[in-house]
Amino acid sequence: MLTRKWWSSLRNGLSRVSRAPAGYRAIHRRYDVIVVGGGHAGTEAAAAAARVGAETLLVTQKIDTIGALSCNPSLGGVGKGQLVREVDALDGLCGRAGDRAGIHFSVLNRSKGPAVWGPRAQLDRQRYRDFIQAELLATPRLEVMEGSVEELLVEEEVDPERPGRHRVTGIRLAGHAPPLEASSVILTTGTFLSGFLFLGQTSSPGGRIGDPPSSSGLSRTLKETLGLQVGRLRTGTPPRILKDSVDLTLATLHPPDLHPTPFSFLNTHTHCKPEEQLPCYLVRTTPGVDRVVMESLDDNSHIQEDTKGPRYCPSIESRVLRFPGRSHQVWLEPEGMTSNLLYPQGLSMTMPPDMQLRLLRQIPALHRVEISTPGYGVQYDYVCPTQLCPSLQVKTTQGLFLAGQINGTTGYEEAAAQGLWAGVNAARSALAAPLLALSRTESYIGVLIDDLVTRGVTEPYRMFTSRAEFRTLLRPDNADLRLTLKGFEEVGCVSAQRYNEAVRVKEGLEEAFATLGSLSRSPRDWRKTLETSSISQNKGGTLTATELLQYNDITYDDLAAALPESLAPFLEFSQRLKIEAVYRPHCELQKKEIQRIQREEGMYLSPDLDYLSLPVSLSNEVREILDRVRPTTLGAATRLPGMTPAAIVHLLNFVTQKNHNKNKIIHNQHSRAHKKPFGPEPSEGGERAGAVS
């Protein structure tokens, strides 16, 4: 159910909703930004563009499916939870939506350090969708339209001050609706770009079951008009099963955390009360599952395709073929507070429905299970992301930005992160502000985008903590300190309310650490004060309270109980102070490496550099790599697969020697790059796109 406030938001938002071409009274005017697609990337992109100040239009095939959870109704996890926290720190939607819709909260990886903890929640599908729709419809400068995009409007006349051979000027809808013009267009088409659904031996156009297929004209525009390299990927989803047909007494109960951890920095608690949370259940596959998979192969056209599928969320057919005889975990997860459906995570499948039922019933807890909706597979086009700049703008096309699965990623969180950053830059481009790039030294979003645009993908990309070199610094607990202040002061996508809260937290933490640092005693005195044996009898000198927090069994609450006058005022930050104290020495050691990467990211490579004839000692293989990917910075070049250490040295020498030749190399000032990792993107002709002020 929506709250009364939400119903009011929806009612007020209806004036900004239209359907085309029927009832097309839209809004016959030019927009700053048009977003195509209403999934996780599209909703974050549209909201971010509007927050930055752009007049924005979101075009989606069905307004009712805006914010829909197409696959697993969950959010977060290891690596993914960090992305959600960062999106929230930049005032995105998904964190607050997760707190509203969550029905089972847990922090994964608790046995390891807090840097790699993974906040996760199982969600109520309807609550999540309602929240996203209400937020969008209440967002100033944002309009929503129902329609199918036929093609992009493309011109050859470009802005000579910016890189690119083409310029996108808007979209054309299917039917007889007039074209819609915009300075920037963001494509967030998900699995709908030339998507095909597979179930057994049957296939049909579409990107999600129950929704109409997208126009093939959009994919044709990308490939033929813009000349972009397009590949093909696949994914799938499991059948949805009826909860009352499952014998849960034969499954292992997994309760949620007793104290739910919110995703959003603005929330101190979740909407779902701790005692109201629903459990998940664990079952395992049996040899009978393997048998059914092998018997169904001839009737399963999707699994026979060569198209790459997700490595980290494979279908049960792929698991059995790759690991025969192994028992696999299957999580039975609730789909909503009042829903009678369970989501069997780990059983994505595309065999015929009757075979799906046979397979499910090979698992003891599911021996009488009934299927509500069968599983199916999807194949879709994606654009090779090395053709994008770090701003997520297409290198060869001015005004065109891509985000989400169209860039070869998988997962709601990865899509949301890209959508937010594409929305920021599309709005800035439309408003004649310099485009920005996030550094991999300051955020998981930066790691994600850098991996995509420098390395590309050969299979659907998923975020893990292991992808981040500086994960002890890029923790879920400090995303607000890393991003919120810059998001307000330099990017323009953060509200004053969130900014003021981040400033309050920052000042409170600084004051708390100043107090902790001023409390210095001998180890003997600390042992008496805290009544602990953790501090060695042989330790001499003095210890500050900050150093004490680096001991595993000494918490901030312990210190505050012993020294209430000094430390009790900061109890609201107790966990954050403990985590920061533990990681602070290690982060200090990483500063030199971070500064090195930031210097390399400040050395810009001109987009028209002729690598094939560059007067530098480079192998033909390296020249071809550089010519194909065309990295925007020396830092990006160092991370390209196939780049040798010798090639990096030669390229560095060339950049250093030519840094005054502005027609070829743009050299960012080291001091500014050090102070502000949010970096501007290079522009055509060797001029900087502009520094962040």
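Residues numbered from 1 in each chain as written. Predicted model: local features only at pLDDT ≥ 70, side-chain atom pairs only at ≥ 80, totals over all residues. Heavy atoms only, no water.

A. The arrangement of the side chain of Thr-386 in detail. In this structure, Thr-386 sits in the loop between strand E20 (376-383) and strand E21 (397-398). Judged by relative accessible area, which is 14%, Thr-386 ranks as buried. Setting aside residues no more than four positions away along its own chain, Thr-386 makes contact with Lys-395, Leu-452, Val-453, Thr-454, Arg-455, Gly-456 and Val-629. (Helix = DSSP H or I, 4+ residues; strand = E, 2+ residues; numbered from the N terminus. Buried < 20%, exposed > 50% of the residue type's maximum accessible area, 1.4 Å probe, protein only. Contact = heavy atoms within 4.5 Å.)

B. Inspection of the nonpolar core at higher detail. Counting 109 residues, the largest nonpolar core has Ile-34, Leu-152, Ile-171, Val-185, Leu-187, Leu-222 and Leu-400 as the members making the most contacts within it. Per-element accounting of this core gives the leading share, 11 residues, to helix H10 (residues 412-430). Formed by 25 residues, the second largest nonpolar core is a distinct cluster that contains Val-283, Val-330, Leu-359 and Leu-360. (Core = buried A, V, L, I, M, F, W, Y, C linked by side-chain atoms within 4.5 Å.)

C. Inspection of the pattern of salt bridges at higher detail. Under the defined criterion, the tally for this structure stands at 33 salt bridges. We note a salt bridge from Arg-455 to Asp-451, for which the minimum N-O separation is 3.6 Å. In this pair, Arg-455 and Asp-451 are both assigned in helix H11 (residues 444-455), 4 residues apart and thus about one turn of the helix distant. On the basis of relative accessibility, which here comes to 41%, the residue Arg-455 falls in the partly exposed class. A salt bridge links Arg-475 to Glu-580, with the shortest nitrogen-to-oxygen separation between them at 2.7 Å. (Salt bridge = Lys/Arg side-chain N within 4 Å of Asp/Glu carboxyl O.)

D. Summary view of the packing of helix H4 (residues 94-101) against helix H5 (residues 125-137). At their nearest, the axes of H4 and H5 sit 8 Å apart, and the two run at 140° to each other. By the angle between their directions, the pair H4 and H5 is classed as oblique. Where H4 crosses over H5, the handedness of that crossing is right-handed. Contact residues: Cys-94, Arg-96, Ala-97, Gly-98, Arg-100 and Ala-101 in H4; Arg-127, Tyr-128, Phe-131, Ile-132 and Glu-135 in H5. (Axes fitted to C-alpha atoms, helices over the stretch in contact; angles between N-to-C directions. Parallel < 35°, antiparallel > 145°, perpendicular 65-115°, else oblique. Left-handed = near helix turned anticlockwise from the far one by under 90°.)

E. Expanded view of the sheet that holds strand E12 (residues 202-205). Ordered in space as E12-E11-E20-E13, the 4 strands form an open sheet in which the pairing is antiparallel. Strand pairing shows two members of the sheet lacking a second neighbour, E12 and strand E13 (230-237), which therefore form its edges. For this sheet, the mean angle separating the axes of adjacent strands, direction not counted, is 25°. Pairing analysis gives 4 bridges linking strand E11 (residues 196-199) to E12, with the strands arranged antiparallel. Note on E12: the bridge partner recorded for Phe-198 is Ser-203. (Pairing = 2+ DSSP bridges.)

F. Layout of unusual backbone geometry. A positive phi angle is found at Arg-141, which is not glycine, with a value near 70°. The backbone phi angle of Arg-630 is positive, close to 50°, even though this residue is not glycine. Following the sequence through the fold, Arg-630 ends up in the loop between helix H19 (620-629) and helix H20 (634-638).

G. Summary view of helix H2 (residues 40-52). Spanning 13 residues, H2 covers 18 Å between terminal C-alpha atoms, matching the ideal 18 Å at 1.5 Å per step. Counting buried positions over the 13 residues of H2 gives 12, a clear majority of the element. The complete set of buried residues in H2 reads His-40, Ala-41, Gly-42, Thr-43, Glu-44, Ala-45, Ala-46, Ala-47, Ala-48, Ala-49, Ala-50 and Val-52. Two residues or fewer after H2 comes Gly-53, characterised by a positive phi angle close to 120°. (Expected span 1.5 Å × (residues − 1).)

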